[in-house]
Amino acid sequence: MPITTRAAITRKAHTPWEIVDLQLDEPKAHEVRVKFHAAGMCHSDDHITRGDAPVRLPVVGGHEGAGIVESVGPHVRRVKPGDRIVCSYIPACGACRPCSTGHQNMCEKGLNASTGMFLDGTFRFHLDGEDLGGFCTLGTFSQYAVVSEWACIPLADDIPFEIAALVGCGVPTGWGSAVYAAGVRAGQTVVIYGAGGVGSNAVQGARYAGAKNVVVVDPVEFKRDMAKVFGATHTFADAKEAHDFVVETTWGQLADHAICTPGVLTEEIVNSAIAITGKTGKVTITAVGKLGEKAIHFPGGMLIGYQRQIRGALFGDSNPLYDVPRLLGLYRSGDLKLDELVTRKYKLDEVNQGYQDMLDGKNIRGVIIHEH
């Protein structure tokens, strides 16, 4: 039978999150209903309320979440009722062309991320007769949600839900941006622009991969201080200071990698990243900018002369079915800091305060703890 669930939604751009009671349908084929215990507050959801993410509105927020499978629809094989799970914000079916060629981060089952519509063309959330989608077809800012079984990754009993939620997006996105997309190697110099929930994990990935210099650029002192906890060797408030340091410490050879993980990508950040990389250097872009603004605009000679590369990274090139358990294994061994990412926990009713704290530079990552 359908149930009622409390959720944070936004009806239109430039309005805050609103707490409402929604009707939630039963799961259909290859779907499961999840009782969420924790939801990460990623910057991507803030892009929705600011009109910078082209999504179908109204929408249920949240795409980082962990909880327990409450019920399953027909033909579900990956999980069963009672299982603890973390949701991958991009599903991984394992059978489509991207999945079968090692690119689960681009699974074809994730085609409706911006609408929240299921593959049969219908929705599971409803409000006064109106259909709502969950962001990335998840909607973890709801106490309960119906999600694809392909978005579910089994979670071991020893991992807290508030930690697991972050490994569904921010942690592998940042870590993979350094380790996979950039391909950081031992002894290299890496510059990371933006040290929030994603950038902090890019720092961890670069350091674990063996980078000699892990340089962070962030205007917020708290984030610079935390970046050192996660493995940054040097931190700077502005790009020019970082550039001058890299020139000096590398004897003019410049950085091997620049990774862009700010809250909002700008042309200024991209140009700084290109300028700070040396010969055969690579710029990896993970963050998104404001809708309609071009962030990449520079002379082609800047790439050709130094044979620089510039590329985008989705989910950090991670394969969630493999990398989520792998990263949690590194957390168990003490090689990956995840507890330190959670700056503050919030109730669902405090979602707008949580995002204000993020914008004010007070949080690395806020987490919503659902009450049931």
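## Digging into the sheet that holds strand 13 (residues 234-236)
Pairing within the open sheet is parallel, and its 6 strands lie in the order 13-12-11-14-15-16. Both outer strands of the open sheet, strand 13 and strand 16 (309-312), are each paired with one neighbouring strand and no more. If you compare each strand with its neighbour and ignore which way they point, the axes differ by 15° on average. Inspection of the sheet shows strand 11 (residues 189-193) paired to strand 12 (residues 213-217) by 5 bridges, in the parallel sense. Bridged to Tyr-193 within strand 12 is Val-217. Against the sheet, helix 4 (residues 170-182) engages strand 14 (255-260), strand 15 (277-285) and strand 16, with an angle of about 130° to strand 15. Each of strand 11, strand 14, strand 15 and strand 16 is contacted by helix 8 (residues 267-276), which is oriented at about 150° to strand 15, the strand it contacts most.

## Section: helix 6 (residues 221-229)
Among the residues of helix 6, Lys-223, Arg-224, Met-226 and Ala-227 are the ones counted as buried. Taken end-on, helix 6 shows its buried residues confined to a sector of 165°, consistent with a single buried face. Here the buried face of helix 6 lies against helix 5 (199-208), strand 12, strand 13 and helix 11 (351-359). At the exit of helix 6 stands Gly-231, carrying a positive phi of roughly 120°.

## Observations regarding the side chain of Asn-213
With respect to the helices and strands, the residue Asn-213 is situated in strand 12. Given the relative accessible area of 6%, Asn-213 is considered buried. At 3.0 Å, the side chain of Asn-213 forms a polar contact with the side chain of Thr-189. Residues in contact with Asn-213, not counting those within four places in the same chain, are Gln-188, Thr-189, Val-190, Thr-233, His-234 and Thr-249.

## Considerations on the nonpolar core
Judged by nonpolar contacts, the single largest core of 42 residues is most densely connected at Val-171, Ile-192 and Leu-338. Among the secondary structure elements, those contributing two or more residues to this core are helix 3 (161-164), helix 4, strand 11, helix 5, strand 12, helix 6 and helix 10 (320-332). Considering each element in turn, this core owes the most residues, 5 residues, to helix 10. With 36 residues, the next largest nonpolar core counts Ile-9, Val-20, Leu-24 and Cys-136 among its residues.

## Here we look at the state of the cysteines
What the rule picks out here adds up to 0 disulfides. With no disulfide of its own, Cys-87 lies closest to Cys-152 among cysteine sulfurs, the gap being 4.9 Å. The class of Cys-87 is buried, set by a relative accessible area of 0%. With no disulfide of its own, Cys-260 lies 16 Å from the sulfur of Cys-42, the closest cysteine sulfur. Judged by relative accessible area, which is 0%, Cys-260 ranks as buried.

## Concerning the sheet that holds strand 2 (residues 18-24)
Ordered by their spatial adjacency, 5 strands build a closed barrel running 1-2-7-8-4, and the pairing between neighbours is mixed. Pairing of strand 1 (residues 3-10) with strand 2, which is carried by 7 bridges, proceeds in the antiparallel orientation. Residue pairing in the sheet places Ile-9 in a bridge with Glu-18 of strand 2.

## With respect to the packing of aromatic side chains
Applying the stated rule across the entire model yields 5 aromatic pairs. Between Trp-175 and Tyr-208, the ring centres sit 5.5 Å apart and the planes meet at 45°, which makes this aromatic pair tilted. One end of the pair, Trp-175, is in helix 4; the other, Tyr-208, is in helix 5, and 33 residues separate them in sequence. Clustering of aromatic rings is evident, with ring pairs tying together Trp-17, Phe-141 and Tyr-355.

## Remarks on the side chain of Ser-318
As for its position among the elements, Ser-318 is in the loop between strand 16 and helix 10. When sequence neighbours within four positions are dropped, the list of residues in contact with Ser-318 reads Gln-104, Asn-105, Pro-172, Gly-176, Tyr-180 and Asp-323.

## A few points about the pattern of salt bridges
Oppositely charged side chains may form a pair once their charged atoms are brought near each other. All told, the structure shown has 16 salt bridges when counted by the stated rule. Between Arg-33 and Glu-70 there is a salt bridge, and its shortest N-O distance comes to 2.8 Å. Note that Arg-33 is positioned in strand 3 (residues 31-41) and Glu-70 in strand 5 (residues 64-72), a separation of 37 residues in sequence. For Arg-33, a relative accessible area of 7% gives the class buried. One salt bridge in this structure joins Arg-344 and Asp-357, with 3.2 Å as the shortest N-O distance. Pair noted here: Arg-344 is in strand 17 (residues 342-346) and Asp-357 is in helix 11, with a separation of 13 residues, a long-range link. Judged by relative accessible area, Asp-357 falls into the buried class, the value being 4%. When salt bridges with common partners are traced through the structure, they connect Lys-28, Glu-31, Asp-120 and Arg-124 into a single cluster.

## Description of the packing of helix 7 (residues 239-249) against helix 8
The contact between helix 7 and helix 8 brings their axes to 10 Å, and the two run at 5°. Relative to helix 8, helix 7 is oriented roughly parallel. Of the residues in helix 8, those touching helix 7 at Ala-239, Ala-242, His-243 and Val-246 are Ser-272, Ala-275 and Ile-276. Its residues placed into classes, the contact of helix 7 with helix 8 shows 5 nonpolar, 2 polar and no charged.

Analysis parameters
- Here the residue index of a chain counts from 1 through its sequence in written order.
- In keeping with the model being predicted, local features are shown solely for residues with a pLDDT of at least 70 and side-chain atom pairs are shown and tallied solely at 80 or more, while totals for entire chains, interfaces and linings include all residues.
- Calculated side-chain values reflect all of the structure's heavy atoms, with hydrogen atoms and water omitted.
- DSSP calls a pair of strands paired once it identifies at least 2 bridges connecting them.
- Secondary structure counts use DSSP, requiring at least four H or I residues in a row for a helix and at least two E residues in a row for a strand, with both numbered from the N terminus.
- For helices, the fitted axis covers only the stretch in contact; all axes are lines through C-alpha atoms, and the angles between them, taken along N-to-C directions, range from 0 to 180 degrees.
- We call two residues in contact whenever any of their non-hydrogen atoms come within 4.5 Å of each other.
- Each residue gets one of three labels from its accessible area relative to the maximum for its type: buried under 20%, exposed over 50%, partly exposed in between, using a 1.4 Å probe on protein chains only.
- By arc we mean the arc of the directions from the helix axis to the C-beta atoms, nothing more.
- Think of a polar contact as two N or O atoms within 3.5 Å of one another; within protein, one of them needs to be a possible hydrogen donor and the other a possible acceptor, and neighboring residues in sequence only count if both atoms come from side chains.
- Only buried residues count toward a nonpolar core. Its members are Ala, Val, Leu, Ile, Met, Phe, Trp, Tyr and Cys residues joined through side-chain atoms within 4.5 Å.
- Throughout, disulfides are identified as pairs of cysteine sulfur atoms within 2.5 Å of each other.
- By convention, a stacked pair of Phe, Tyr or Trp rings (six-membered ring in the case of Trp) has centres within 6.5 Å and planes under 30 degrees apart, an edge-to-face pair has planes over 60 apart, and any other such pair is tilted.
- By convention in these notes, a salt bridge is any Lys or Arg side-chain nitrogen within 4 Å of a carboxyl oxygen on Asp or Glu.
- Note that the term roughly parallel is reserved for angles under 35 degrees, roughly antiparallel for angles over 145, roughly perpendicular for angles of 65 to 115, and oblique for everything else.
- Three categories are distinguished: nonpolar for Ala, Val, Leu, Ile, Met, Phe, Trp, Tyr, Cys and Pro, charged for Asp, Glu, Lys and Arg, and polar for the others, with Gly belonging to the last.

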